[in-house]
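An overview of the molecular structure
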Amino acid sequence: MSAYTSVKELLELSEKRGTPVWRTVQLMDCEEQGLSPEDSWNAMAGMLSVMRQTDRDYDRRHRSLSGLSGGDAGKMEDYIASGRALSGPLISSVIAGALRMGECNACMKRIVAAPTAGACGVLPAVLLPCAGRLGVPDERVIEALYVAAGIGSVIATRASISGAECGCQAEIGSASSMAAAALVHLLGGTGQDMANAAALALKALLGLVCDPVGGLVEVPCIKRNVLGALEAVAAAEMTMAGIRSRIPADEVFDAMRDVGEKMDASLRETGEGGLAGSPSALKQGEREV
Amino acid sequence: MNVFDILGPVMVGPSSSHTAGAVRIGQIVRRLVGGEIVRAKILLAGSFASTGAGHGTPRAIVAGLMGFMPDDERIPRSFELAAERGLTFDFGTTVLRGAHPNSAVITAENDRGERVEAGASSPGGGRIRVFELDGLPASFSGEVPTLIVRSEDRPGYVSRVTGVIAAQGINMSKLQVEREARGGRAVMVIECDQRIPYKVKMAITAIEGISKVTRLNPGEESK
Ligand code: SF4
């Protein structure tokens, strides 16, 4: 049983203990799991290094077993390099990073499920380029990962982080919410700011269904990582600009669960409804299976 | 929920249930057989059968049979590596009634000619559950220290086995006993709070009527 089941409780705990949010998340988990803070920190540093390594090792020549994905991040990189990209360098690299990690996952490379394998591109796509741009040390990024994990565990407790249970809002939506809060940490925001960004990001992604073509974690998953990453950046920026969510994070999570419960089973990872049921997807299936 | 259940596991993609969980299924079969597996027949069911190929499920299971961890970058090349090691395998599909859609039934044989048949499923997040062992129903994950005792069903053997465990100061958290018919084959699955030492296995093996004792200590998966 978690020591906190809401973001509100997490912030109160931080206040009471006089520790920053990331540290509260770390210490509460250590107490529960009987882990030393050093071991926990090293494990989290390991997560960051796997993210970095896989991002760096991306190979545009690789294709997934189904042949559905691979190479798109390379196209994005070329486009950015050509100087024609309309979005600035940061946003462009967020897009490329999300594609890279999503494709790496589809091509059976090592990834960090965050919170799931399908949504593994969101956090690194946001944190790696933003940390680079801000020039913050790795320690801050590791702290930000704890913030993300804290938000993620509240979502898992109150709602779900599984596409089969609550649709893609629970995977890409949760990842986006986690990444938004983590980015606020890099930007020096308060605990309230983190909660606000988490709320803003997930609000925008409520209702997103899980409709993977052929039941495979490829289409539309890879491009939805781009969506989740961009929304996370927007939510963090809006927060730092002083924009407040009218609905607090915990209530947004509860709303996500409500939407998930009302979502038809064909839109929850069964590979039947939505894009999975489109004529092109079905034609694809005939070729594959 | 644990922080590293949210951020993690580190795994080879693309799917925690169809790839990481499939590795774990292969791994638990390897641990149940003991030793080096030389032959395996793998039957995929439900969504493992229908979408497994695109998720690398077959390669993941074979990787697990060789003792690879879910984050091992050799998983995509497991078929080729199996051929080098002299592990032969074939795949088929099956229909399982009442089982989770992500399931497989694996018959594996080691270099000493010992065989195990196990059915296991991967409901999500990389977690797995064995639901059938050598034709008898079972339910365990190997996430906690687990002892599997195969025997003839003889009067009093359950208490003799549990007596050995208790005498070592090990706390049992769950005990399941399944048998074919009175006096037939039986499987006991005992989940414990502490790591199960080798001497417990030996002491149980010495009990009359016990045919095989397997220890599953988490964290000791690969070798
Ligand atoms: S569409 Fe489904 S499988 Fe793909 S990322 Fe979203 S939740 Fe995961």
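Rules behind the numbers
Residues numbered from 1 in each chain as written. Chains lettered and ligands numbered in written order. Predicted model: local features only at pLDDT ≥ 70, side-chain atom pairs only at ≥ 80, totals over all residues. Heavy atoms only, no water. Helix = DSSP H or I, 4+ residues; strand = E, 2+ residues; numbered from the N terminus. Rg over C-alpha atoms; globule rule 2.2 N^0.38 Å. Buried < 20%, exposed > 50% of the residue type's maximum accessible area, 1.4 Å probe, protein only. Near = heavy atom within 4 Å. Nonpolar A, V, L, I, M, F, W, Y, C, P; charged D, E, K, R; others polar. Contact = heavy atoms within 4.5 Å. Buried area = accessible area lost by both parts, 1.4 Å probe. Salt bridge = Lys/Arg side-chain N within 4 Å of Asp/Glu carboxyl O. Core = buried A, V, L, I, M, F, W, Y, C linked by side-chain atoms within 4.5 Å. pLDDT = per-residue confidence, 0-100. Domains from an automatic or database assignment. Polar contact = N/O pair within 3.5 Å; in protein donor to acceptor, adjacent residues only side chain to side chain. Pairing = 2+ DSSP bridges. Axes fitted to C-alpha atoms, helices over the stretch in contact; angles between N-to-C directions. Phe/Tyr/Trp six-rings, centres within 6.5 Å; stacked < 30°, edge-to-face > 60°.

1. Considering the overall build of chain A
- The helix and strand inventory of chain A stands at 13 helices and one strand.
- Seen in sequence order, chain A has helices and strands lined up from the N terminus as α-α-α-α-α-β-α-α-α-α-α-α-α-α.
- Taking 289 residues into account, the globule formula puts the C-alpha radius of gyration at 19 Å, and chain A, at 18 Å, falls close to it.
- Summarising its shape, the C-alpha atoms of chain A cover approximately 60 × 45 × 40 Å along the three principal directions.
- A total of 289 residues make up chain A; the buried ones form 58% of that total.

2. Quick word on the site of the ligand
- If you check the shell around the ligand, you find Gly 163, Cys 168, Glu 171, Cys 210, Asp 211, Cys 221 and Arg 224 of chain A and nothing else.
- Looking at the shell around the ligand residue by residue, the classes come out as three nonpolar, one polar and three charged.

3. A short note on the interface of chain A and chain B
- Every contact between the two is made by 38 residues of chain A and, on the other side, 27 residues of chain B.
- A buried area of about 2600 Å², summed over both sides, lies between chain A and chain B, and 68% of it is on carbon and sulfur atoms.
- Considering only the surface of chain A that becomes buried against chain B, Leu 65, Met 108 and Arg 110 of chain A emerge as the three largest contributors, covering 26% of it.
- At the junction of chain A with chain B, the criterion picks out one salt bridge.

4. Concerning the nonpolar core
- In this structure, Met 44, Leu 123, Val 126 and Leu 127 of chain A are the most contacted members of the largest nonpolar core, which totals 90 residues.
- Among the elements that line this core, the one with the most residues is helix α7 (residues 138–158) of chain A, at 12 residues.
- In contact with Leu 123 of chain A, not counting residues within four places along its chain, are Met 51, Ala 114, Leu 145, Ala 148, Met 178, Ala 179 and Ala 182 of chain A together with Leu 7 of chain B.
- Counting residues in each nonpolar core, the second largest holds 41 residues, with Ala 22, Ile 25, Ile 37 and Ala 104 of chain B among its members.

5. With respect to the confidence of the model for chain B
- Looking at chain B as a whole, its pLDDT mean stands at 93, while 99% of the residues score no less than 70.
- Among the prediction metrics, the complex's ipTM stands at 0.94, with pTM recorded as 0.92.

6. Regarding the domain arrangement of chain B
Residue and element names in this part refer to chain B.
- Taken domain by domain, chain B comprises domain 1 (3–133) and domain 2 (146–216).
- Computed over C-alpha atoms, the centres of domain 1 and domain 2 are 26 Å apart.
- Taken together, the eight residues of domain 1 in the interface contact seven residues of domain 2.
- Between domain 1 and domain 2, roughly 620 Å² of surface is buried when both sides are summed, and carbon and sulfur atoms account for 57% of that area.
- For the interface between domain 1 and domain 2, the tally reads zero salt bridges.
- Along the contact surface separating domain 1 from domain 2 lie one residue pair in polar contact (both at pLDDT 80 or more).
- At the level of secondary structure, the elements contributing two or more residues to the side of domain 1 that touches domain 2 comprise α2 (16–33) and β6 (127–133).
- Of the residues forming the side of domain 1 that touches domain 2, the biggest block, four residues, is contributed by α2.

7. Some thoughts on the pattern of salt bridges
- Per the counting criterion, the structure on display carries 33 salt bridges over all chains.
- Across the pair Asp 72 of chain B and Arg 74 of chain B runs a salt bridge, and its minimum N-O distance is 2.7 Å.
- Arg 179 of chain B is the salt-bridge partner of Asp 153 of chain B, the closest N and O atoms lying 2.7 Å from each other. Of the two residues, Asp 153 of chain B sits in the loop between β8 (146–152) and α6 (157–167) while Arg 179 of chain B sits in strand β9 (residues 172–179), which places them 26 residues apart along the sequence.
- Note on Asp 153 of chain B: relative accessible area 15%, which makes it buried.
- Take Arg 179 of chain B: its relative accessible area is 40%, and that puts it in the partly exposed class.
- Beyond isolated ion pairs, a larger network of salt bridges with shared partners links Asp 55, Arg 60, Glu 77, Asp 78 and Arg 100 of chain A.

8. Notes on the sheet that holds strand β10 (residues 185–192) of chain B
Residue and element names in this part refer to chain B.
- The strand order across the open sheet built from four strands is β9-β10-β8-β11, with neighbouring strands paired in antiparallel fashion. Whereas interior strands pair on both sides, the edge strands pair on one side only; in this sheet they are β9 and β11 (210–216). Across this sheet, the average inter-strand angle for adjacent strands is 10°, counted without regard to direction.
- Both β8 and β11 contribute to a ladder of six bridges, which runs antiparallel. Looking at the pairing, Leu 147 lines up with Arg 215 of β11.
- Where α6 meets the sheet, it contacts β8, β9, β10 and β11, and its direction lies at approximately 25° from that of β10.

9. Looking at the packing of aromatic side chains
Residue and element names in this part refer to chain A.
- Across all of its chains, the model carries six aromatic pairs over all chains by this definition.
- Centre to centre, the rings of Trp 22 and Tyr 146 are 6.0 Å apart; their planes meet at 40°, and the pair counts as tilted. Taken together, the positions of Trp 22 in helix α2 (residues 21–33) and Tyr 146 in helix α7 put the pair 124 residues apart, joining distant regions of the chain.
- Among the residues examined, Trp 22 registers a relative accessible area of 11% and is labelled buried.

10. Focus on the sheet that holds strand β5 (residues 115–124) of chain B
All names here are of chain B.
- Spatial ordering of the open sheet is given by β3-β2-β4-β5-β6-β7, a layout of six strands whose pairing is mixed. On the outer flanks of this sheet lie β3 (88–94) and β7 (136–140), each paired with one strand and no other. Across the sheet, the mean angle separating the axes of adjacent strands is 25° when strand polarity is ignored.
- Where β5 meets β6, five bridges bridge the pair, whose relative direction is antiparallel. By the bridge assignment, Ala 120 is partnered in β6 with Val 130.

11. Structural notes on the side chain of Thr 54 of chain A
- On the secondary structure map, Thr 54 of chain A appears in helix α3 (residues 37–56).
- Relative accessible area serves as the criterion here: at 9%, Thr 54 of chain A is assigned to the buried category.

12. Describing the pairing of β6 of chain B
All names here are of chain B.
- Where β5 hands over to β6, the hairpin turn is made up of two residues, of which Gly 125 adopts a positive phi near 70°.
- Direction of pairing for β6 relative to β7: antiparallel, over a ladder of three bridges. Across the sheet, Leu 133 pairs through a bridge with Leu 136, a residue of β7.
- Between the end of β6 and the start of β7, which pair antiparallel, lie two residues, with Asp 134 showing a positive phi angle near 50°.

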